[in-house]
2 protein chains.
Amino acid sequence: MNGAQSLIAAALSEGIEVCFANPGTTELPLVLALDEAPGIRSILCLHENVATGAADGYGRMLSKPAMCLLHLGPGLANGLTNLHNARRAGTPLLNVIGEHATWHIQADPLLASNIEALAHTFSAFAKRSTDARSIAVNLADAVHATGIGGGIATLIVPHDCQLAYAADVIPARRQVPKSSYSPANVGDAAKALQRGRSAILLGGKGLSEAGLKLAGRIAAATGADLLCDTFFARMERGGDLPMATRLPYFPDQALALTRPYDSVVLAGTRRPVAFFGYPGLPSYLTTEEQTVALATSAEDVLGDLEALAAELNAPNDIPQKPRMQLPAMPKGELNAQSVAQVIARLQPENGIVMDEALTVGIAYFDSSQSAPRFSHLMLTGGAIGQGPGAATGAAIACPGRKVINFESDGCGAYSVQAFWTQARENLDVVTIIGSNRSYNILNVEFERAGVKPLGPIARSMTRLDHPYLDWVRIGEGFGVPSVAVDSAEGLARELENALARKGPRLIEAIMS
Amino acid sequence: MNGAQSLIAAALSEGIEVCFANPGTTELPLVLALDEAPGIRSILCLHENVATGAADGYGRMLSKPAMCLLHLGPGLANGLTNLHNARRAGTPLLNVIGEHATWHIQADPLLASNIEALAHTFSAFAKRSTDARSIAVNLADAVHATGIGGGIATLIVPHDCQLAYAADVIPARRQVPKSSYSPANVGDAAKALQRGRSAILLGGKGLSEAGLKLAGRIAAATGADLLCDTFFARMERGGDLPMATRLPYFPDQALALTRPYDSVVLAGTRRPVAFFGYPGLPSYLTTEEQTVALATSAEDVLGDLEALAAELNAPNDIPQKPRMQLPAMPKGELNAQSVAQVIARLQPENGIVMDEALTVGIAYFDSSQSAPRFSHLMLTGGAIGQGPGAATGAAIACPGRKVINFESDGCGAYSVQAFWTQARENLDVVTIIGSNRSYNILNVEFERAGVKPLGPIARSMTRLDHPYLDWVRIGEGFGVPSVAVDSAEGLARELENALARKGPRLIEAIMS
């Protein structure tokens with residue numbers, strides 16, 4: 001087999017099952033090799049940021065990497081912001097990039113650029129294959145690197161190496177070493193939780209079903225409160241899972257929450273940091289004295305929590321607190337609150353919710369506390385335009401589960417190309433665009449900074465109303481049946497309809 | 001004034017008149033400073049690659065930089081591929097990037113990333129301001145760097161430096177040193193042109209009106225043929241300007257064109273390189289022996305051509321060759337040829353044509369040889385999705401001139417967000433989508449590689465027909481009046497209509 005065939009054979013051997021692709025001329029041998037490998041499902045995306053966003057959503061749901069097939073440096077560059085988000089989420093993800101032939105690159109053809117420089121900004125592993133025979137091993141090393149605490153691996157494969165003869169033997173799949181918990185950290189955390197008022201701040205795998213149940217037991221034993229990161233990669237929520245209070249977005253509000261605790265134990269996350277730095281407020285949202293490190297997201301947080309539960313003789317059963325009622329079905333005008341409440345009331349058992357709308361998102365977290373069991377995905381790196389791609393990948397990963405992706409119009413406009421892949425693959429994704437016709441977060445920030453009134457230029461930089469985006473036309477232009485509503489009743493009706501059918505739907509929720 | 005105000009004051013002093021922006025929280029002091037500077041027109045873009053593409057189109061038309069205001073590393077990352085194209089075009093362009101506060105960045109907030117690593121992949125100048133007082137000088141240095149042979153400058157400005165007090169004195173504008181021509185190169189070129197069969201390969205400013213007229217005079221004196229780069233940033237064409245033969249895209253065809261020449265004089269370009277490397281074909285499209293360097297695009301090609309014309313006693317007047325007739329107005333089905341011919345027949349005097357459609361583009365170059373005078377812009381770096389942004393910027397730069405941007409559906413789908421800015425600013429841009437519902441270039445490449453028939457996966461990677469993109473809905477979704485046609489007569493009618501009106505229009509040309 002040639003280098004390209006050996007790469008695909010190695011990918012199969014390493015368990016890769018899905019390839020999100022936007023290939024070009026330098027990837028054609030890989031495309032032909034995929035043709036001979038029906039075990040890998042190839043999914044075309046109209047923009048690379050959809051491909052990388054989809055691989056992020058896929059990896060979050062299955063804790064294993066999908067492959068992105070990208071065209072040279074520009075293909076990688078287009079997918080960069082969702083790779084940034086995936087890096088912050090700790091998602092396992094594999095990029096394979098076709099490169100010019102080794103003999104051609106020295107002539108600096110127009111599409112040439114410094115691929116490694118881009119790759120090193122987000123990759124835990126980045127390598128360029130230098131001959132056909134090393135490609136399969138390079139690929140196996142790359143996949144292996146994604147399995148150790150998550151992370152992104154990027155393999156650059158020159159065109160001539162794809163075409164040249166490679167060894168017929170594919171390396172056997174290696175076991176990822178099981179990370180082991182830290183007895184010292186467990187001891188420190190146990191002491192902290194038994195002394196004074198404490199909280200456990202959960203992130204990463206700490207927000208999995210297993211992590212939450214362990215944290216719930218520890219909380220029952222110690223009286224600790226459960227908190228979660230403001231932006232998490234994935235949190236299992238609803239049903240009878242323990243609840244956690246979300247760390248607020250603005251640092252003054254977050255500090256008001258953390259200040260009363262004598263200790264905050266970090267389980268699957270790092271010491272919390274404000275999203276932006278504001279004059280007069282600190283970067284960190286806990287003090288050094290408060291902070292007790294149990295496990296970062298790259299460490300064995302489940303092992304640590306299990307050891308901690310044992311150390312504390314935590315009960316096996318978590319006392320069920322009376323759950324809040326689901327909010328009443330709202331009526332009338334649509335605003336952040338009512339959009340959030342309609343979704344929370346109607347989302348189905350075992351759904352997946354991808355939430356990229358900051359203002360709706362804050363209301364939604366509270367509204368959905370008593371929803372049926374679901375997986376909650378969020379924007380992790382702050383680079384907007386993540387939701388539609390991640391929802392696409394989550395739907396590919398979990399074909400039996402309904403995906404609800406809610407977006408604001410500003411975020412959604414970044415990634416409209418994802419709707420085409422949802423239509424092409426007939427994915428069960430319902431997109432709700434909370435259309436406030438502005439970059440509303442900027443207005444909030446101006447207000448916090450005491451700027452008032454805004455001048456005409458600043459005002460125009462926050463407004464998306466002239467012209468407004470017609471989301472029904474945009475959705476349908478990319479092949480997704482779409483509808484607009486401007487009342488809570490309308491949203492409820494259309495969301496029910498959409499969830500009752502197969503295939504993608506888009507609902508524009510025009511907010512007052 | 002604060003650092004942000006000093007940056008904007010310095011930008012005004014350096015002649016910046018336009019800012020393409022997608023700001024976020026770390027750029028808000030700059031937005032407020034723009035509010036106080038009506039001399040800079042601020043234009044909101046829904047995606048950073050529209051902003052950078054627009055700045056590229058603007059810079060190509062006016063030979064001076066526009067400013068892009070981008071949000072942190074992810075904002076830059078989103079704009080990266082059109083910065084790649086701008087770098088290959090030699091466009092002067094200024095990026096200003098808001099960064100986290102210096103005291104906050106050390107905590108590694110979620111949106112933090114290695115901005116410099118990205119910037120160095122395309123920038124001739126990249127700097128991070130470290131205090132408020134140095135911002136104005138940094139900005140002046142950045143703009144200065146774009147004036148020396150074109151090029152991109154990137155300035156990173158931390159949020160606290162924007163807010164802090166800065167000096168009130170803005171540095172005076174520096175003169176860009178005039179580059180001077182090379183007597184040695186001129187002597188070599190003169191000798192080469194007087195000996196044997198020769199061609200002048202034009203690029204960069206060699207394709208300006210002045211460059212073409214000088215080249216025409218030199219050709220008249222020596223019998224040299226005029227060639228031009230396959231992908232040029234901007235070529236003045238039509239009317240009574242000298243014509244040039246375009247170097248073909250595929251290297252075998254390019255070599256068949258260049259092989260007969262004893263010498264190929266490079267005027268405003270470099271030794272030509274194949275777009276991709278194909279097994280058995282060379283990277284370079286001229287031999288070392290043939291190649292005679294007069295001036296690269298970064299050198300003083302006009303000075304060199306002028307000295308060369310003098311050295312050769314070239315006549316002042318260029319003998320006018322009888323111009324080809326414009327092609328007849330085609331009828332019936334739409335294909336690459338007929339789309340190209342309709343545009344060439346109807347494009348107005350003094351128009352601007354942004355051409356990003358490879359198959360239509362090849363036909364168009366020939367069809368438009370006898371069109372009235374126009375400026376022809378092309379995709380320079382191979383990173384698709386450039387045209388809609390560049391057309392937007394060209395229209396901002398030249399408000400009195402009609403812009404025709406033709407795209408294939410694959411390229412166009414990358415940059416649909418540009419239509420919104422065209423609608424918002426009511427720009428005279430007519431977009432023609434040559435809708436072949438495939439990544440057709442991949443089919444051509446598979447055919448050249450002798451792969452036939454394609455398997456189902458490879459075939460699906462080239463097809464955009466299920467679902468097809470509905471460009472009328474997409475255009476209208478972003479606020480641009482849109483129409484679809486499937487015949488040459490229909491395209492002619494709608495293009496005439498569109499050109500007769502003010503404001504943007506989109507025409508989907510459905511090809512057979």
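What counts and how
Residues numbered from 1 in each chain as written. Chains lettered and ligands numbered in written order. Predicted model: local features only at pLDDT ≥ 70, side-chain atom pairs only at ≥ 80, totals over all residues. Least-squares fit on C-alpha atoms with pLDDT ≥ 70 in both. Contact = placed C-beta atoms within 7 Å. Nonpolar A, V, L, I, M, F, W, Y, C, P; charged D, E, K, R; others polar. Buried ≥ 20, exposed ≤ 12 C-beta atoms within 10 Å, placed from the backbone. Helix = DSSP H or I, 4+ residues; strand = E, 2+ residues; numbered from the N terminus. Pairing = 2+ DSSP bridges. Right-handed = clockwise from strand over helix to strand, strands pointing away. Axes fitted to C-alpha atoms, helices over the stretch in contact; angles between N-to-C directions.

Colleague: So what's going on with the relation of the copies chain A and chain B? Residues and values would help.
Modeller: Between chain A and chain B, the superposition needs a rotation of 180 degrees and an axial shift of 0.0 Å, giving an RMSD of 0.0 Å. The transformation relating the two chain copies, once decomposed into turn and shift, fits a two-fold axis. When the interface residues of chain A are mapped onto chain B, 100% of them are again interface residues, pointing to one common binding face.

Colleague: I'd like a rundown of the interface of chain A and chain B, residues and numbers included.
Modeller: With 77 residues of chain A at the contact, the number on the chain B side is 77 residues. For the side of chain A that touches chain B, a count of residues per class yields 44 nonpolar, 25 polar and 8 charged.

Colleague: So what's going on with the pairing of strand β6 (residues 152-158) of chain B? Residues and values would help.
Modeller: All names here are of chain B. Within β6, 7 of the 7 residues are buried, which leaves it mostly tucked inside the rest of the structure. Along β6, one buried face is formed by Ile 152, Thr 154, Ile 156 and Pro 158 and the opposite face, lined by Ala 153, Leu 155 and Val 157, is buried too. Across 7 bridges, strand β4 (residues 93-99) lies against β6 in parallel orientation. Within β6, the position partnered with Gly 98 by the bridge is Val 157. For strand β5 (residues 125-128) and β6, the ladder comprises 4 bridges, and the chain directions are parallel. Pairing of Ala 126 across the sheet is with Thr 154, part of β6. With respect to chirality, the unit in which β5 leads through helix α8 (residues 135-146) into the neighbouring parallel β6 is right-handed.

Colleague: Quick one: what's the story with the sheet that holds strand β7 (residues 198-202) of chain A, residue by residue and with numbers?
Modeller: Residues and elements named next belong to chain A. Read from one edge of the open sheet, 5 strands run β10-β8-β7-β11-β12, paired in parallel fashion. Strands at the two margins of the open sheet, each flanked by one partner only, are β10 (245-246) and β12 (291-295). Looking at chain direction, β7 and strand β11 (residues 263-267) are connected through 5 bridges and run parallel. When the bridges of β11 are listed, Leu 201 appears paired with Leu 266. Of the strands in this sheet, β11 and β12 are in contact with helix α13 (residues 301-311), which crosses β12 at around 110 degrees.

Colleague: Tell me about the sheet that holds strand β1 (residues 18-22) of chain B, and please be specific about residues and values.
Modeller: Pairing between the strands of a sheet comes from backbone hydrogen bonds, and it takes one of two forms, parallel or antiparallel. Residue and element names in this part refer to chain B. The strand order across the open sheet formed by 6 strands is β2-β1-β3-β4-β6-β5, and the pairing between neighbours is parallel. Since the sheet does not close on itself, it has two edges, and those belong to β2 (41-44) and β5, each with one partner. Across the sheet, the mean angle separating the axes of adjacent strands is 20 degrees when strand polarity is ignored.

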